[in-house]
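# Observations on chain architecture
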Amino acid sequence: MADVTKIDDNSGYDIQVLNESHLAQILYLQEIIVKNLSDPTIYFAEPTQFFHKQIAIEKSVIGLFQKKQLVGFHIASFPDLNEENLGIDIGIIQEEYLQVAQVGPLAVHPDHRKRGLFSKLLAKHLQMIKEMGYKHVCATVAPDNYPSIKGFIDNGFAIRQLKIKFNNLLRYVMYLDLENCLKQPQYSVRVLGTDTESQKFMISLGFYGYDALKNENGFDIVFGRDEMIV
Ligand SMILES: CC(C)(COP(=O)(O)OP(=O)(O)OC[C@H]1O[C@@H](n2cnc3c(N)ncnc32)[C@H](O)[C@@H]1OP(=O)(O)O)[C@@H](O)C(=O)NCCC(=O)NCCS
């Protein structure tokens, strides 16, 4: 069948673009995701209307299936020139706002986590977004959501901003340049994941977060910069 990508590890997972016929499954999965959140502020349940609207946009909603059961979804949107364009938060030039795609919300069923499935869903969607001609991809992530931060970093994203976003909550704005790979920076500093004030300071000095490393209590973010500050 067209539009089905098998995940090549004999696990029986595949990825498909979703349509209206999948709506009930998406809402059912979202209910399970929300019931199982360790922290209710990292994911907010979207209304049915939101999924209706997104599904109508070409290649906006993709799903992960195992034995025809939906076990994950991943949403991309294309924000045009409106003020919700995350490109504005990270200083993308105005002429390129139309080349910005945004990803999220995204989720994987609790029984299928820690198998790298989010990372595979994201990689598939990024390939599609690139083929559609977009140059920039942005996402917002809660600073305590390690699985989400790690999945983005594994796919080449960097933390470019840390600020209050929707629902008045602190969020990383993560960024991927689809035309230029992130290079290993010359200078790097490891900061506690919980120390968001120091992280904001590092970002104000031009550092960007390019790795997340587990420590005994949680994780650290590794910030990098190419030039020495004098
Ligand atoms: C975020 C989410 C999609 C990640 O899904 P996933 O398929 O389990 O992610 P991956 O398997 O690619 O794991 C990414 C990393 O997180 C780790 N991880 C995943 N679940 C974890 C957990 N519950 N506790 C600790 N680490 C976890 C993995 O081990 C991996 O880390 P590693 O590379 O250091 O080993 C999933 O946790 C989820 O649906 N969360 C609820 C919804 C949400 O937070 N969405 C994001 C905001 S919209």
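Given the structure is predicted, the values throughout are model-derived calculations rather than measurements.

## Structural notes on the environment of Asp14
- Following the sequence through the fold, Asp14 ends up in strand S2 (residues 13-17).
- Measuring from C-alpha to C-alpha, the distance between Asp14 and Leu121 comes to 9.5 Å, with 107 residues separating the pair along the chain.
- Not counting the four nearest positions on each side in its chain, Asp14 is found in contact with Val4, Thr5, Lys6, Ile7, Gly63, Leu64 and Phe65.
- Within the structure, the side chain of Asp14 is placed 3.4 Å from the side chain of Gln16, a separation counted as a polar contact.

## Notes on the pattern of salt bridges
- For the structure shown, the criterion picks out 8 salt bridges.
- Its salt-bridge partner being Asp89, residue Lys165 comes within 2.7 Å of it at the nearest N-O pair. Taken as a pair, Lys165 in strand S7 (residues 158-165) and Asp89 in the loop between strand S4 (69-77) and strand S5 (100-108) lie far apart in primary sequence, 76 residues in all.
- Given a relative accessible area of 14%, Asp89 falls into the buried group.
- Measuring nitrogen to oxygen at the nearest pair gives 2.7 Å for the salt bridge that ties Asp220 to Arg190.

## Section: the site of the ligand
- Taken together, the neighbourhood of the ligand is formed by 21 residues, with Leu106, Val108, Lys114, Gly116 and Tyr146 sitting nearest.
- Here Asn145 contributes a side-chain N or O atom positioned 2.9 Å from an oxygen atom of the ligand.
- Burial of the ligand by the protein amounts to 77% of the accessible area it has alone, namely 920 Å².
- Looking at side-chain class alone, the shell around the ligand contains 12 nonpolar, 4 polar and 5 charged residues.

## Concerning the UniProt feature "domain: N-acetyltransferase" (unreviewed entry) in the protein chain
- Here the UniProt-annotated "domain: N-acetyltransferase" (unreviewed entry) positions come out as residues 13-179.
- With 27% helix and 31% strand, the stretch residues 13-179 has end C-alpha atoms that lie 29 Å from each other.

## What to know about the environment of Tyr187
- With respect to the secondary-structure elements, Tyr187 resides in strand S9 (residues 187-192).
- When the C-alpha atoms of Tyr187 and Phe207 are compared, they prove to be 9.2 Å apart, with 20 residues separating the residues in sequence.

## Focus: unusual backbone geometry
- For the bond from Gly104 to Pro105, the omega torsion is 0 degrees, close enough to zero to count as cis.
- Looking at where Pro105 falls in the secondary structure, it is placed in strand S5.
- Backbone geometry at Lys67 places phi at a positive 45 degrees, although glycine is not the residue there.
- Judged by its relative accessible area of 75%, Lys67 is exposed.
- One non-glycine residue with positive phi stands out, namely Asn167, at about 60 degrees.
- Take Asn167: it is sitting in the loop between S7 and strand S8 (169-177).

## Things to note about the domain arrangement of the protein chain
- If you check the domain split of the protein chain, you get domain 1 (4-182) and domain 2 (183-230).
- Taken together, the 15 residues of domain 1 in the interface contact 15 residues of domain 2.
- Approximately 1400 Å² of surface area, both sides summed, lies buried where domain 1 meets domain 2, with 69% of it carried by carbon and sulfur atoms.
- The interface formed by domain 1 and domain 2 contains 3 residue pairs in polar contact (both at pLDDT 80 or more).
- Residue composition of the side of domain 1 that touches domain 2, by class: 11 nonpolar, 1 polar and 3 charged.

## Points about the packing of helix H3 (residues 117-131) against helix H4 (residues 146-154)
- Closest axis-to-axis distance for the H3/H4 pair is 9 Å, and the angle between their directions is 45 degrees. When the axis of H3 is compared with that of H4, the two are oblique. For H3 against H4, the interelement crossing comes out right-handed. For the pair formed by H3 and H4, the contact residues are Phe118, Ser119 and Leu122 on the first element and Pro147, Ser148, Gly151, Phe152 and Asp154 on the second.
- Considering only residue class, the contact of H3 with H4 consists of 4 nonpolar, 3 polar and 1 charged.

About the criteria used
Residues numbered from 1 in each chain as written. Predicted model: local features only at pLDDT ≥ 70, side-chain atom pairs only at ≥ 80, totals over all residues. Heavy atoms only, no water. Helix = DSSP H or I, 4+ residues; strand = E, 2+ residues; numbered from the N terminus. Contact = heavy atoms within 4.5 Å. Polar contact = N/O pair within 3.5 Å; in protein donor to acceptor, adjacent residues only side chain to side chain. Salt bridge = Lys/Arg side-chain N within 4 Å of Asp/Glu carboxyl O. Buried < 20%, exposed > 50% of the residue type's maximum accessible area, 1.4 Å probe, protein only. Near = heavy atom within 4 Å. Areas by Shrake-Rupley, 256 points an atom, 1.4 Å probe, with all protein chains shown as cover. Nonpolar A, V, L, I, M, F, W, Y, C, P; charged D, E, K, R; others polar. UniProt positions renumbered as here; feature names shortened; annotations may be inferred. Domains from an automatic or database assignment. Buried area = accessible area lost by both parts, 1.4 Å probe. Axes fitted to C-alpha atoms, helices over the stretch in contact; angles between N-to-C directions. Parallel < 35°, antiparallel > 145°, perpendicular 65-115°, else oblique. Left-handed = near helix turned anticlockwise from the far one by under 90°.

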